[in-house]
Protein chains: 2
Amino acid sequence: MKLNEGIEWAIHCLSVLAYLPEGKALPAKKLAGFFDLPEHYLAKHLQSLSQAKLVKSIKGPGGGYRLSRPAPDITVLDIVQAIDGKTPHFQCTEIRRRGPSGVPDECYQKPCGIARTMWRAEKAWRDELARVSLQDILQIGAEETPQLQIEKSLDWFGQVIQ
Amino acid sequence: MKLNEGIEWAIHCLSVLAYLPEGKALPAKKLAGFFDLPEHYLAKHLQSLSQAKLVKSIKGPGGGYRLSRPAPDITVLDIVQAIDGKTPHFQCTEIRRRGPSGVPDECYQKPCGIARTMWRAEKAWRDELARVSLQDILQIGAEETPQLQIEKSLDWFGQVIQ
DNA sequence: TTATATATGGATATGTTATATCCGTATTAT
DNA sequence: ATAATACGGATATAACATATCCATATATAA
Ligand code: SF4
Ligand code: SF4
């Protein structure tokens, strides 16, 4: 099992958008350029973020994307679920009902202990992701990003925002 | 993202093996029959369980599989990792190093806050799975499995074990 | 008004992983 | 010896992730 690669992209992109000056927006093309990502595919993910209301999209020249709410109000879980959906990772195929020991469907009133165990673990995963906000990510980044990269990023910002 | 379907199969199969009388073994073919699963593919998963030392395999007539240690000493995490591997679900592709703001590799000393967040959540998931043993699963099953299914399973056991 | 820049959604192509089968070999009980 | 079983490698198929392309809608600015 592998998590959608777009999650990494999305968190990075939102981190960049968080530094946008008031009233500005960044188009998909420029975000793709910043991380050297495939433009059209990234655009798909940005559309997911837009549908999930994490970013606001603005069409037309000068348009693009910007955060739809402040970084402290966006959790990593929000981002992950925007990209990867909310379908549980463990999907029971009800094999207990099959084979020689199966009994009619109405005998199975609720999900079994196996499914509940798997789902409880997923909840622990989600809870942990919900505990971290985009603001937290930015904070860590501010402390740990190499100085040179910060400068280069600022340069880039200056060039793409007019 | 979807978890390997074999996880569900494996937990069920180990649950059945837990009820084997001392000294007996169940071959892949019969396990597949019990759950109406594709025999050869299930065999692959059983081989994974064997490599992970969760079951002991016995070749030849009368052979098959049985638990390699008592049910309380097998966790759901053991089973999940035997089937799905131990590779982290979140795999960083280091996009921070790419594009116009990237700096030389030696500037990045440790995984960033994003990766650490994702991995911490995975650890919470694993911890939760490690908290549940196969014995716990059996216990829940004993309480919740429909009576009719228990009887049919016992019938089946009687027929396949000589 | 026109041209341009952007997002959106659908269609499609490609690559990768999961699912499933098959076969030859090794091992062991009878 | 024969039959039953596990094992590993090879292969086929299906599902999904990744990536591209295009037609359309919308907004900006000249
Ligand atoms: S016993 Fe649980 S995991 Fe197994 S088929 Fe039923 S609901 Fe699914
Ligand atoms: S910043 Fe973190 S998630 Fe992003 S590429 Fe680097 S290590 Fe990976």
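Up top is the structure.
The rules we used
- Residues numbered from 1 in each chain as written.
- Chains lettered and ligands numbered in written order.
- Predicted model: local features only at pLDDT ≥ 70, side-chain atom pairs only at ≥ 80, totals over all residues.
- Heavy atoms only, no water.
- Near = heavy atom within 4 Å.
- Nonpolar A, V, L, I, M, F, W, Y, C, P; charged D, E, K, R; others polar.
- Pairing = 2+ DSSP bridges.
- Helix = DSSP H or I, 4+ residues; strand = E, 2+ residues; numbered from the N terminus.
- Core = buried A, V, L, I, M, F, W, Y, C linked by side-chain atoms within 4.5 Å.
- Buried < 20%, exposed > 50% of the residue type's maximum accessible area, 1.4 Å probe, protein only.
- Contact = heavy atoms within 4.5 Å.
- Polar contact = N/O pair within 3.5 Å; in protein donor to acceptor, adjacent residues only side chain to side chain.

A.B. asks: When you look at the site of ligand 2 in this model, what are you seeing that I'm missing?
C.D. replies: Around ligand 2, the surrounding shell consists of A:Glu8, A:His12, B:Cys92, B:Glu94, B:Ile95, B:Arg96, B:Cys112 and B:Ile114. More than a single chain frames ligand 2: its nearby residues are located in chains A and B. When its residues are assigned to classes, the shell around ligand 2 shows four nonpolar, one polar and three charged.

A.B. asks: Could you clarify how one ought to interpret the pairing of strand 2 (residues 64-67) of chain B in this entry?
C.D. replies: Here is the key point about a regular strand: its side chains alternate between the two faces of the sheet. Residues and elements named next belong to chain B. Sheet topology note: the strand 1 (residues 55-58)/strand 2 ladder contains four bridges and is antiparallel. Note that in strand 2 the partner of Lys-56 across the bridge is Arg-66. Connecting the antiparallel pair strand 1 and strand 2 is a turn made up of five residues, with Gly-60 showing a positive phi of about 85°.

A.B. asks: Which parts of the structure should I look at to understand the nonpolar core?
C.D. replies: One broad trend across soluble globular proteins is that nonpolar side chains are buried collectively. Judged by nonpolar contacts, the single largest core of 100 residues is most densely connected at A:Leu17, A:Leu49, B:Leu17 and B:Leu49. Sequence-distant contacts of B:Leu49, defined by excluding residues within four places in its chain, comprise B:Ala10, B:Leu14, B:Leu54, B:Val55, B:Ile79, B:Ala82 and B:Ile83.

A.B. asks: Would you mind going over the protein's contact with DNA strand C with me for this structure?
C.D. replies: By nearness alone, 26 residues border DNA strand C, and A:Lys44, A:Ser57, A:Tyr65, B:Asn4 and B:Tyr41 come closest of all. Atoms of DNA strand C within 4 Å of the protein belong to the sugar or the phosphate in 65% of instances, the rest to bases. A:Ala28 places a main-chain nitrogen or oxygen 3.1 Å from a phosphate oxygen of DNA strand C. In this structure, a phosphate oxygen belonging to DNA strand C sits 3.3 Å away from a side-chain N or O atom of B:Tyr41. Within the residue set of the surface near DNA strand C, elements represented by two or more residues are helix 3 (39-51), strand 1 (55-58) and strand 2 (64-67) of chain A together with helix 3 (39-51) of chain B. Considering every element that reaches the surface near DNA strand C, the biggest residue donor is helix 3 of chain A, with four residues. Of the residues belonging to the surface near DNA strand C, the class tally is ten nonpolar, ten polar and six charged.

As far as function goes, none of this settles anything; it's purely spatial.
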